[in-house]
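Survey of secondary and tertiary structure
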Amino acid sequence: MSDTFLNPVTTQTWANGRHIVRCVKVIQETWDVRTFCFMADQPIMFFFKPGQFVTLELEIEGKPVMRSYTISSSPSVPYSFSITVKRVPGGLVSNFLHDTMHEGAELPVHGPVGLFNAIDFPGAKVLYLSGGVGITPVMSMARWFYDTNANVDMVFVHSARSPKDIIFHRELEQMASRIPNFSLHIVCEKHGLGEPWAGYRGYLNQRLMELIAPDYMERVVFCCGPTPYMNAVKRMLEAVGFDMSNYHEESFGATPPEAKADAVEHAEQAADAPELDVSQLNLVEFIGSEKSIRVAPGETVHAAAAKVGLMIPKACGMGICGTCKVLKLGGEVEMEHNGGITEDDEAEGYILSCCSVPKGDVRIDY
């Protein structure tokens, strides 16, 4: 046996930032869903809050692309992490991953971040509601509580298009068969010829919810799935007077329509606005690149960087993913984020460039 294997290794702990990882395993979960497992060459313990996500930094057809995916594995398996991806017809990133991501491939990832997690919103009784590949964050939560023998009463309800589309089916059934505090319920929209199915059929509704979890009004709800699914669940719970402070849903994804409308409105206002005096502009200096520019009030640090040819990595554009984090060396900004940065990072001077607006002259380490 090699002596190198027996020698102790220096183990580092994962922290929010940019890391190079290597794909070590690809698992075919269903006919169109795969799990990609990653590790670091230098051993790193990937501690994160179950439910959080990472952002992949990819190059597709010669262009940089950032895309966020929830971590589907549990931090109870600390030396690797996994994402589970459904191949979407015409989907740029999902098809790229399915077609090209293989064992040994390396790529940078950013994270972990995310407010949707089981640690910040604890509950003795929880209800997991998932649709399709939205199962990934709640699966991470369930795996965590299962592996740590937590005294948490879990009801897991998953909606799938058909029996062949049920992700993690065997593992879910195993968990349900081994511990009494994990109740599994799967709802299939339909089933095809040759697909025997004795479970629930159709769509999740209030009557079915009352049958599955009669005490759902007393539970902390974690919901993730396609936007129509989450909207339907939210309307159903609001209609019966559920305490929505106990309702949590995954929030990253495509730019909301209202955000796009705001961007159009702001662009129209800018086109009609009179030119500003130089004294009204804010100076943004990028120290590492020795570049600077004056921007109008309301423009972000990220926009300033783009104007001088600096491409700060960005994925969500809404202060959620944390990809665009940079160090502020001087000056003040107004930052309206959505959980993409920690209080510790803020205390050290870091900001999210996509949602940070200079309040005067600022200096950025980039």
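Residues numbered from 1 in each chain as written. Predicted model: local features only at pLDDT ≥ 70, side-chain atom pairs only at ≥ 80, totals over all residues. Heavy atoms only, no water.

Turning next to the packing of aromatic side chains. Geometry of an aromatic ring pair is reported as the spacing of the ring centres plus the angle between the planes. Tallying each qualifying case throughout the model produces nine aromatic pairs. Taken together, a centroid distance of 5.9 Å and an interplanar angle of 75° make the contact between Phe-116 and Phe-222 edge-to-face. Of this pair, Phe-116 sits in the loop between β8 (106-113) and β9 (125-131) while Phe-222 sits in strand β13 (residues 220-224), and the two are 106 residues apart along the sequence. An identical accessibility class is assigned to Phe-116 and Phe-222; each is buried. Chaining the aromatic ring pairs together yields one cluster made of Trp-14, Phe-38, Phe-46, Phe-48 and Phe-81. For the cation-ring pair, Arg-143 lies above Phe-168, with the distance from its terminal atom to the ring centre recorded as 4.7 Å. The cationic tip of Lys-325 hangs over the ring face of Tyr-350; the distance from NZ or CZ to the ring centre is 4.8 Å. (Phe/Tyr/Trp six-rings, centres within 6.5 Å; stacked < 30°, edge-to-face > 60°. Helix = DSSP H or I, 4+ residues; strand = E, 2+ residues; numbered from the N terminus. Buried < 20%, exposed > 50% of the residue type's maximum accessible area, 1.4 Å probe, protein only. Lys NZ or Arg CZ within 6 Å of the ring centre and 35° of its normal.)

This part takes up the sheet that holds strand β19 (residues 350-352). Read across the open sheet, the five strands follow the order β16-β15-β21-β17-β19; overall the sheet is mixed. The two strands at the open ends of the sheet, each matched to only one other strand, are β16 (291-295) and β19. Neighbouring strand axes in the sheet, compared pairwise and without regard to direction, differ in orientation by 35° on average. In this sheet, strand β21 (residues 362-365) lies alongside strand β15 (residues 282-286) in parallel orientation, the contact comprising three bridges. Note on β21: the bridge partner recorded for Phe-286 is Ile-364. (Pairing = 2+ DSSP bridges. Axes fitted to C-alpha atoms, helices over the stretch in contact; angles between N-to-C directions.)

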